[in-house]
Amino acid sequence: MSETRSDGELLRAVAADGDRRAFEELYRRYAPWLTARLRGRCADAGVVDDVVQETFLAIWRGKARYREQGHGEDAAGWLWRIGSRRLIDALRGDGARGRLRQALARLRHRDEASAEERVLAGVEHGDLAGALVRLSPELRAVLQATVIDGLTTREAAVLLGIPPGTVKTRAMRARKQLREALA
């Protein structure tokens, strides 16, 4: 079969028929992308690799079902939602030790901008790029988790290792600073 199947076709084949080739193609297509994206959120490569495996196992075992709709999300967005929630679960289970490891990793790499931070900073819509760059890393992280990744306040709190109230406060401060900068 030399014809490339769409993501929806692959996902339907996996769900309906347990098509191993479709699953392998889906994995080859998205595992590297999901791994890179999750590594932007977690410095522990072992945890990220486990989360990627758990994400794809959930698809293979039918625990995660893709519902393709004309106006629905794409396969990448669907996979990101599953992976990011599994990462939150992994970090939540790791408790204080995991939060400490994340804090140390952030301190080690705080001068290195992630790919997403570079994209945010590189937005070419006038003052928005400058306004985003001027936000503190803590405020940018909350915006990234809640706005770009679409996480709930509670999920962002677990991912960032801060209380939900702090997420809300930082999101409010970030919006206020952006409004002032763009006014």
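Note that this is a predicted model, so its numbers are computed, not measured.

Caption draft 1: Spatial organisation of the confidence of the model for the protein. Of all residues in the protein, 72% have pLDDT values of 70 or greater, and the mean over the chain is 77. Per-element mean pLDDT across the protein ranges from 50 in helix H5 (residues 115-121) up to 91 in helix H2 (residues 20-39). This model gives residues 122-126 a pLDDT under 50, and the stretch forms two contacts once residues within four places in sequence are excluded.

Caption draft 2: Representation of the nonpolar core within the structure. Core analysis: the largest hydrophobic core is formed by 37 residues, its most contacted members being Leu 26, Tyr 30, Leu 38, Val 52, Phe 56, Ile 59 and Leu 87. Those elements giving two or more residues to this core turn out to be helix H1 (7-17), H2, helix H3 (45-60), helix H4 (75-109), helix H7 (137-148), helix H8 (153-160) and helix H9 (164-182). At nine residues, the largest contribution of residues to this core is made by H4. If we skip the residues at most four places from it in the chain, Leu 38 touches Val 48, Val 51, Val 52, Trp 80, Gly 83, Ser 84 and Leu 87.

Caption draft 3: Summary view of the packing of H8 against H9. The N-to-C vectors of H8 and H9 enclose an angle of 105°; their axes lie 8 Å apart at closest approach. In this view, H8 runs roughly perpendicular relative to H9, as classed from their interaxial angle. For the pair H8 and H9, the contacting residues are Thr 153, Ala 156 and Ala 157 in the first and Pro 164, Val 167 and Lys 168 in the second.

Criteria and thresholds
- Residues numbered from 1 in each chain as written.
- Predicted model: local features only at pLDDT ≥ 70, side-chain atom pairs only at ≥ 80, totals over all residues.
- Heavy atoms only, no water.
- pLDDT = per-residue confidence, 0-100.
- Helix = DSSP H or I, 4+ residues; strand = E, 2+ residues; numbered from the N terminus.
- Contact = heavy atoms within 4.5 Å.
- Core = buried A, V, L, I, M, F, W, Y, C linked by side-chain atoms within 4.5 Å.
- Buried < 20%, exposed > 50% of the residue type's maximum accessible area, 1.4 Å probe, protein only.
- Axes fitted to C-alpha atoms, helices over the stretch in contact; angles between N-to-C directions.
- Parallel < 35°, antiparallel > 145°, perpendicular 65-115°, else oblique.

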